There are 4 protein chains.
Amino acid sequence: MNAMNDARAPRTALCHYTTDAVYYGDADLVRDLLGQASFIDVFMKQTFGRVPSAGERRIVDAVLVTLMEHGMTPSAIATRMIYASSPENLQAGVAAGLLAVASRFVGTMEPAAQLLGRIAASEDAAAQAARVAQDYRARREAVPGFGHHLHKPDDPRAIALLALAREVGTYGPYCEALGHLAAAVDVAAGRHITINATGAIAALLGDIGIPTALMRGFAVLSRAAGLISHIAEEQRDPSGRFIWSLVDEAMTDIPSVG
Amino acid sequence: MNAMNDARAPRTALCHYTTDAVYYGDADLVRDLLGQASFIDVFMKQTFGRVPSAGERRIVDAVLVTLMEHGMTPSAIATRMIYASSPENLQAGVAAGLLAVASRFVGTMEPAAQLLGRIAASEDAAAQAARVAQDYRARREAVPGFGHHLHKPDDPRAIALLALAREVGTYGPYCEALGHLAAAVDVAAGRHITINATGAIAALLGDIGIPTALMRGFAVLSRAAGLISHIAEEQRDPSGRFIWSLVDEAMTDIPSVG
Amino acid sequence: MNAMNDARAPRTALCHYTTDAVYYGDADLVRDLLGQASFIDVFMKQTFGRVPSAGERRIVDAVLVTLMEHGMTPSAIATRMIYASSPENLQAGVAAGLLAVASRFVGTMEPAAQLLGRIAASEDAAAQAARVAQDYRARREAVPGFGHHLHKPDDPRAIALLALAREVGTYGPYCEALGHLAAAVDVAAGRHITINATGAIAALLGDIGIPTALMRGFAVLSRAAGLISHIAEEQRDPSGRFIWSLVDEAMTDIPSVG
Amino acid sequence: MNAMNDARAPRTALCHYTTDAVYYGDADLVRDLLGQASFIDVFMKQTFGRVPSAGERRIVDAVLVTLMEHGMTPSAIATRMIYASSPENLQAGVAAGLLAVASRFVGTMEPAAQLLGRIAASEDAAAQAARVAQDYRARREAVPGFGHHLHKPDDPRAIALLALAREVGTYGPYCEALGHLAAAVDVAAGRHITINATGAIAALLGDIGIPTALMRGFAVLSRAAGLISHIAEEQRDPSGRFIWSLVDEAMTDIPSVG
């Protein structure tokens, strides 16, 4: 294969240059975007192909704000450890912390969205939701998007996010599927189970047309912002050596006879 | 040392929790932020301690939009290579690409900002600018923030960014220092040298109070957004195997006798 | 919970210090290891709790040598792109490339090892192997550890690795299970399917007692070495700008009217 | 430029393939290396172009063993935080921890090697060493390769490494330069300053011909091995949630009125 001659070679339409202009897609960066378009609108256009409506933008902002910050989590600790070791490389601290945006924390957003999509697409959404809830119950697994170790009986973020979707008019099949599933989960469990923020975000993003495979991108973008805040705080009040000592003292096993 | 009892232990004020609320600083996430505050305003508040004015926000948006996308750069190629190898881990693709936000590309933003700060702080800014330009000329080094391999005689992004700063009223000592330095660089070189986008961004961010050590954070946040766009395009039209073949065929040295 | 007082707190036994000695486990680094123990033996002791026998060490060396280098793969391209962007940070180039050691390339080692373990543990290994092969065939999926796009009918590395296991005497239940599975895969497919290097490595490592969940560690260690070789070559003959231009020219879509 | 036709295109000589063989350089992987060559010898050949002598190999092993493990350092903590968040991605945990192999820890190896190289190349090594020591003293900076917060008056690892170089016969101009510099540092300080392990390693590697720009590669390879040990321990006795709680409780600032 000669890759250069392959008419089917993949192309990028994200950006091209001339000597006196830069284009993002077919928009002239200087003439059409700088000073006029917001960062989030350009991000949405480049990633999803269209600028969000005013209501959708409020959903996007709310989702990004919710995912930004969770305190001294493993992600933030990793960022601070690497930044303290490599303060000339702010980007390395952020990159390390982003690697925590994986299965254990936001990873449930994708299976939650898939479940909601299946429920939304079925003829009898309530019946499909009941089957899903019973299946998970039978396997003794948590339903993705449900449960929280701290926020009980309800996660205030999930309630606020769903209320916002109603307010701005994007509440649609995914949010409705979440309602059906929440009712079915409570029945299957015999008690009330929290809809967590991740579950609500999956529903809101599904209803504004975000593909499941890109939902994690919102978590990554938002955590990048949050981790930069941690580095800013680290610059003012360094914690690197403190955390190192704290963990080392708590965990290093000194044999009684060295 | 018992770290737990150390009154001087570093603290984080970025986030704390109760069972029914989440706080970002002293703001209640649900009551004060969700549906009301934009992602960028919350990021700025968490990182720099205050919400930007409307004019400052246009500067921040313009800077982030400018840094977002530069086509098939090493950063984007690294992201696509890792995403193609690990499509279950969008975050790993972004993390890999962010590691390119280093000395060679945006790294000149920090020395440019330091130069501008020194010129702005001197009693005779024009004379200080002349000394800086002559020093670099004598060492045959490019002045940080100046020169571009493609955009000549002027980088349209730099011109637009500086015009925006005048328009919104943030044009201040850093931008003025850049003007002095540009004049001095042309005199020292005996010809016109481009102010590049990085130089203009350093000036604009300096004038809205961003510390030099955090300027790279804007590049990291913006590139995170841009790299997510590349992954979105990669999902629609995969390039991983194409790039692999292209590079392998061009570079692998097959000895004539194996 | 006060973590400091928790008797059940996890401990590390990997390393502790006094003012005049460093201990790796209960070995004195200076007295017991330096100048006496090889890197690989210390790695194996620290990771798996025992020094390998001479035969096992040949297996470990052979596995690490096999996994080290595969030319201009996505992993190597990512490393070179990041190193070219951040030459002050060799570690960032290696870290980026290691993120490619994931599902698409070595990721099949783990499911292959799980299959082999199940077959080895069954009363009738041949019958169990036949069931596995038929199941994958029915789902039209490749059996982990089988198939190669280039090395047909046989992967010379797999043959050599299995021969080595016989030679050094570690050929055991995992290698035998691989033999059963290979026979069953050929029957199910109605033609000969290659045992690939990853499949053979899974068998060899299983037979020397490496837990499945740590097998990827060998790929990570070995690729770290290989990626350092790529950086060494990059220092002598830089390819960063070449690859950038090559990919950019091949993929950037320039509209006919700018 | 058409990159494909460029005769000056960079080439890789590290690896090439045919359908029935894999070559590392001009060595046939199966025929020449598997079962015969050790991992370290192949790494050295691929990276530096030649197999080490038996004495050099003891130096390489000793250096790699020394750099492998330092307990619950920022590097190990970052690895454990990411692995706990992303246990399906061992490689991400290692990649995160490797990003700590930067300026603060092993970063002094490179300036130490440069100093030793300059001293070794000067006509009067003792006089050059004295000038270097006085310069650093005058600037009140630590000389790279000297000083340790714990190991005083001497770092037992440095002493053992230098003794090993004498024993195996690689003690040469770099080690001699370190001797001159150590004497000069003590004179300039008016007291004995420790030669640390990093300083000794720089000298040993310099004397076996390792270029300064690749010395960090040894730290990266060795830390990759050490971080895999931490993940192995984490699999047996998980610390992720413990460290998270420990740090969160110690650092989260709960305002008296929520």
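I will try to describe carefully the structure that is included in this document.

What counts, and at which threshold
- Residues numbered from 1 in each chain as written.
- Chains lettered and ligands numbered in written order.
- Predicted model: local features only at pLDDT ≥ 70, side-chain atom pairs only at ≥ 80, totals over all residues.
- Helix = DSSP H or I, 4+ residues; strand = E, 2+ residues; numbered from the N terminus.
- Contact = placed C-beta atoms within 7 Å.
- Buried ≥ 20, exposed ≤ 12 C-beta atoms within 10 Å, placed from the backbone.
- Pairing = 2+ DSSP bridges.
- Least-squares fit on C-alpha atoms with pLDDT ≥ 70 in both.
- Core = buried A, V, L, I, M, F, W, Y, C linked by C-beta atoms within 7 Å.
- Expected span 1.5 Å × (residues − 1).

## Focus on the environment of D:Trp244
Line of reasoning, step 1. Tracing the backbone through its elements, the reader meets D:Trp244 in helix H12 (residues 240-251).
Line of reasoning, step 2. The spacing of D:Trp244 and D:Arg140 is 104 residues in sequence and 38 Å in space, taken between C-alpha atoms.
Line of reasoning, step 3. Those residues in contact with D:Trp244 that lie beyond four places of it in its chain are A:Thr73, A:Pro74 and A:Ile77.

## Quick notes on helix H10 (residues 197-207) of chain D
Each α-helix turn comprises 3.6 residues. Residues three or four places apart therefore point the same way.
Residue and element names in this part refer to chain D.
Line of reasoning, step 1. Taken across its 11 residues, H10 has 11 buried, putting it largely inside the fold.
Line of reasoning, step 2. Those residues of H10 that sit buried are Ala 197, Thr 198, Gly 199, Ala 200, Ile 201, Ala 202, Ala 203, Leu 204, Leu 205, Gly 206 and Asp 207.
Line of reasoning, step 3. Residues of H10 that are buried sit in contact with helix H3 (54-68), helix H6 (109-121), helix H8 (156-168), helix H9 (173-189) and helix H11 (212-236).

## Concerning the pairing of strand E2 (residues 21-24) of chain D
All names here are of chain D.
Line of reasoning, step 1. Of the strand pairs in this sheet, strand E1 (residues 15-18) and E2 are connected by 4 bridges, and their pairing is antiparallel. Of the residues in E2, the one forming a bridge with Thr 18 is Ala 21.
Line of reasoning, step 2. With antiparallel pairing between neighbouring strands as the criterion, E1 and E2 make up a hairpin whose turn holds 2 residues.
Line of reasoning, step 3. Hairpin geometry of E2 and strand E3 (residues 27-28) is characterised by an intervening segment of 2 residues between the two adjacent antiparallel strands and by a positive phi of about 55 degrees at Gly 25.

## Here we look at the relation of the copies chain D and chain C
Line of reasoning, step 1. If you rotate chain D by 180 degrees and push it 0.0 Å along the axis, it lands on chain C with an RMSD of 0.0 Å. Those values place the two copies in the arrangement expected of a two-fold rotation axis. Among all residues of chain D, the one whose C-alpha sits closest to the rotation axis is D:Ala95, at a distance of 2.2 Å.
Line of reasoning, step 2. Interface overlap between copies: 99% of the residues of chain D at the interface are likewise at the interface in chain C, consistent with a symmetric, same-surface contact.

## Overview of the nonpolar core
Line of reasoning, step 1. Counting residues in hydrophobic clusters, the biggest one holds 391 residues, and the most contacted among them are A:Leu161, B:Leu161, C:Leu161 and D:Leu161.
Line of reasoning, step 2. With residues near it in sequence (within four places) discarded, B:Leu161 still touches A:Leu34, B:Ala62, B:Thr66, B:Ala197, B:Ala200, B:Ile201 and B:Leu204.

## Quick notes on the sheet that holds E3(D)
Line of reasoning, step 1. The antiparallel open sheet is built from 3 strands, whose spatial order is E1-E2-E3 (chain D). What marks the edges here is a single partner per strand, and that holds for E1 and E3 of chain D.

## Some remarks on helix H4 (residues 74-85) of chain C
Line of reasoning, step 1. Between its first and last C-alpha atoms H4(C) spans 17 Å; for 12 residues at 1.5 Å apiece the expected length is 16 Å, and the two agree.
Line of reasoning, step 2. Burial runs high along H4(C): 12 of the 12 residues are buried.
Line of reasoning, step 3. Along H4(C), the residues that are buried comprise C:Pro74, C:Ser75, C:Ala76, C:Ile77, C:Ala78, C:Thr79, C:Arg80, C:Met81, C:Ile82, C:Tyr83, C:Ala84 and C:Ser85.
Line of reasoning, step 4. Against helix H4 (74-85), helix H5 (90-98) and helix H12 (240-251) of chain B together with helix H5 (90-98), helix H11 (212-236) and helix H12 (240-251) of chain C lie the buried residues of H4(C).

## Focus on the interface of chain D and chain C
Line of reasoning, step 1. At the interface, 79 residues of chain D touch 79 residues of chain C.
Line of reasoning, step 2. Residue contributions to the side of chain D that touches chain C peak at 15 residues, all from H11(D).

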